[in-house]
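Structure assessment
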Amino acid sequence: MQAAHRATQVMERIQTLASFSAMPNGILRAYLTEEHRQAHQQLAQWMTQAGLEIWQDEVGNQWGRKVSAHPEMPTLIIGSHSDTVANAGGYDGPLGILLAIEALDALKGVDLPFHVDVVAFADEEGTRFQTTLLGSSPVAGMWNPALLDRKDKDGVTIGEAMKRFGLDPDKVVDAARKPEETLAYLEVHIEQGPLLESLDLPVGVVTAIAGAKRFLIDVSGVAGHAGTVPLPLRHDALCGTAEMIACIEAFATEHEIVATVGKCEVRSAAVNVIPGQVQFSLDIRSQSQDKLDYCAPLLMTQLAAIADKRGLTITHEQIYQAQAVPCSDRLQQVWADVVESATGKDVCYLASGAGHDAMVMANIAEMGMLFVRCEKGISHNPRENVETQDVAVALDCLINMIRSLSPSRAGTD
Ligand code: HGY
Ligand code: MN
Ligand code: MN
């Protein structure tokens, strides 16, 4: 099958996966839902068609293996996530899974010197349970059983949801892969930023993945009658929050990190009540772990000073953190070689501001990522878009990356 036809097939499959959604007019596929099950059944079918052995692990991840005649050699793992944010684009996650399946289909007749496993991680975004990398963390040996008690908005715990999905929470720990049995982890993902488009390049080599810390922040004031309490006597939690959000933006600019308040909720909100309780989320990121560790407490001190000034109280809970992770120098070089031969252009090296499953998989294996250009860098948005010819280039790079990691320099069908 020609590369262009394969790229078209990947694009068609992106649309098929997008149809497995909890939203009538958009994409939402969350962990341990019917949409998760449907998408993984479809991926399992395509993996089988590509000649892969398939199985689901106890986390709910979907695996497919291109079996080698050399099972004693460490396994190459290639993956990305199948879950989405709410009102998502179609490419963030699925593109990397479908490219891996397509690459192994192209190598169907070739006996590689090691198994190659494709994995669809079932939860990277954390949309349902507000914690992220739930699919890949157990695989990377980083499972925290305390998370089984984490509840979704309906009060269903992860443990309960796993049982309803047909999984055994006590066996999640068995999904861990051994470092000594893992050759490397590769992930192809949309850039989710504008750099490749600005350079008119279809793909780029990732150098590092930003570290992140996420918090839920509660601001408490005094609820009151909107008509009777004079402004100077108010302890308005929402006005305090507004000043804090402006402070967060100024702080991030000054310290050259990124900070986002993505959620903000007024408890017992009413048009004629002075807000007494507000909860908002805070996501801060940096390529430098030291800067992230330095900025988080400093920013919280500034928010506390605003609360004091306004007679409010503030508490914060860290709900997630992921260390900044460098990509393997060796794999960056191998990616660069295949990119240069595929594009005939100078190679762009770029860091990832977004988090990926690759950042935890680096815990057990050399990790390398390839970014694919996406229109205007838009992501986490239905307008997320990728061109078929860029998918063809990425597929060519992935096939040659797999071949380059195979000493026998395997060919393709
Ligand atoms: O938030 C992130 O960076 C990723 O999309 N989960
Ligand atoms: Mn992603
Ligand atoms: Mn994402």
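Residues numbered from 1 in each chain as written. Chains lettered and ligands numbered in written order. Predicted model: local features only at pLDDT ≥ 70, side-chain atom pairs only at ≥ 80, totals over all residues. Heavy atoms only, no water.

A closer look at the site of ligand 1
Rules: Note on definitions. A residue lies near a molecule or strand when any single heavy atom of the residue is within 4 Å of it. Polar contact is defined as a pair of N or O atoms within 3.5 Å, subject to the rule that within protein one atom must be able to donate a hydrogen and the other to accept it, and that residues adjacent in sequence are counted only when both atoms are side-chain atoms. Residue-level accessible areas treat just the shown protein chains as cover; the underlying method is Shrake-Rupley with a 1.4 Å probe. Residues are grouped as follows: Ala, Val, Leu, Ile, Met, Phe, Trp, Tyr, Cys and Pro are nonpolar; Asp, Glu, Lys and Arg are charged; every other residue, Gly included, is polar.
Every residue close to ligand 1 is listed here: Glu 124, Glu 125, Arg 214, Arg 285, Ala 354, Gly 355 and His 380. Within the side chain of Glu 124, an N or O atom sits 2.9 Å from a nitrogen atom of ligand 1. Contact between ligand 1 and His 380: an oxygen atom at 3.1 Å from a side-chain N or O atom of the residue. Protein burial of ligand 1: of its 210 Å² of free accessible surface, 92% is covered by the chains. Residues that form the shell around ligand 1 fall into these classes: 1 nonpolar, 2 polar and 4 charged.

Digging into the coordination of the manganese ion (ligand 3)
As a reminder of what qualifies: Distances decide who is a donor: an N, O or S atom must be within 2.8 Å of the metal, or within 3.2 Å for Na, K and Ca. Water is not included, so sites may look incomplete. Runs of E in the DSSP output that reach at least two residues are strands. Runs of H or I that reach at least four are helices, and both are numbered from the N terminus. Residue burial is assigned from relative accessible area. The probe radius is 1.4 Å, only protein chains are included, and a residue is buried under 20% of its type maximum, exposed over 50%, and partly exposed in between.
Taken together, the protein donors to the manganese ion (ligand 3) comprise Asp 92 (OD), Glu 125 (OE) and His 380 (NE2), at separations of 2.1 to 2.2 Å. Each donor residue of the manganese ion (ligand 3) belongs to the same chain, and together they define the spacing D-x32-E-x254-H. A spacing of 3.5 Å is found between the manganese ion (ligand 3) and the manganese ion (ligand 2), which share Asp 92 as a donor. Taken as a pair, Asp 92 in the loop between strand 3 (75-81) and helix 3 (94-106) and His 380 in the loop between strand 16 (367-372) and helix 11 (388-404) lie far apart in primary sequence, 288 residues in all. For Asp 92, a relative accessible area of 6% translates into the label buried. On the accessibility criterion, His 380 (42% relative accessible area) is partly exposed.

Side note on the UniProt feature "binding site: Zn(2+) 2" (unreviewed entry) in the protein chain
Basically, it comes down to this: UniProt positions are given in the numbering used here, feature names are shortened, and annotations may be inferred rather than shown by experiment. By the convention used here, residues are in contact when the closest approach between their heavy atoms is within 4.5 Å.
Mapped onto this structure's residue numbering, the UniProt feature "binding site: Zn(2+) 2" (unreviewed entry) falls at Asp 92, Glu 125 and His 380. A maximum C-alpha distance of 10.3 Å places the annotated residues, which cover 289 residues in sequence, within one compact spot. Beyond its immediate sequence surroundings of up to four residues, Asp 92 is in contact with His 81, Asp 83, Glu 125, His 189, Ile 190, Gln 192, Ser 379, His 380 and Glu 384. A distance of 2.9 Å separates a polar atom in the side chain of Asp 92 from a polar atom in the side chain of His 189. Looking at the element boundaries, Glu 125 is found in the loop between strand 4 (116-121) and helix 4 (136-139). Each residue touching Glu 125, except ones within four places of it in the same chain, is listed here: His 81, Asp 83, Thr 84, Val 85, Asp 92, Thr 132, Arg 214 and His 380.

A short note on the confidence of the model for the protein chain
Where we set the bar: For every residue, the pLDDT score states the predictor's confidence, bounded by 0 at the bottom and 100 at the top.
Of all residues in the protein chain, 98% have pLDDT values of 70 or greater, and the mean over the chain is 96. The low-confidence segment residues 408-413, where pLDDT is below 50, has 18 contacts with residues more than four positions distant or belonging to other chains.

A short note on the coordination of the manganese ion (ligand 2)
Distances from the manganese ion (ligand 2) to its protein donors, His 81 (NE2), Asp 92 (OD) and His 189 (NE2), fall at 2.1 to 2.2 Å. When the donors of the manganese ion (ligand 2) are listed by position in the chain, the intervening gaps give H-x10-D-x96-H.

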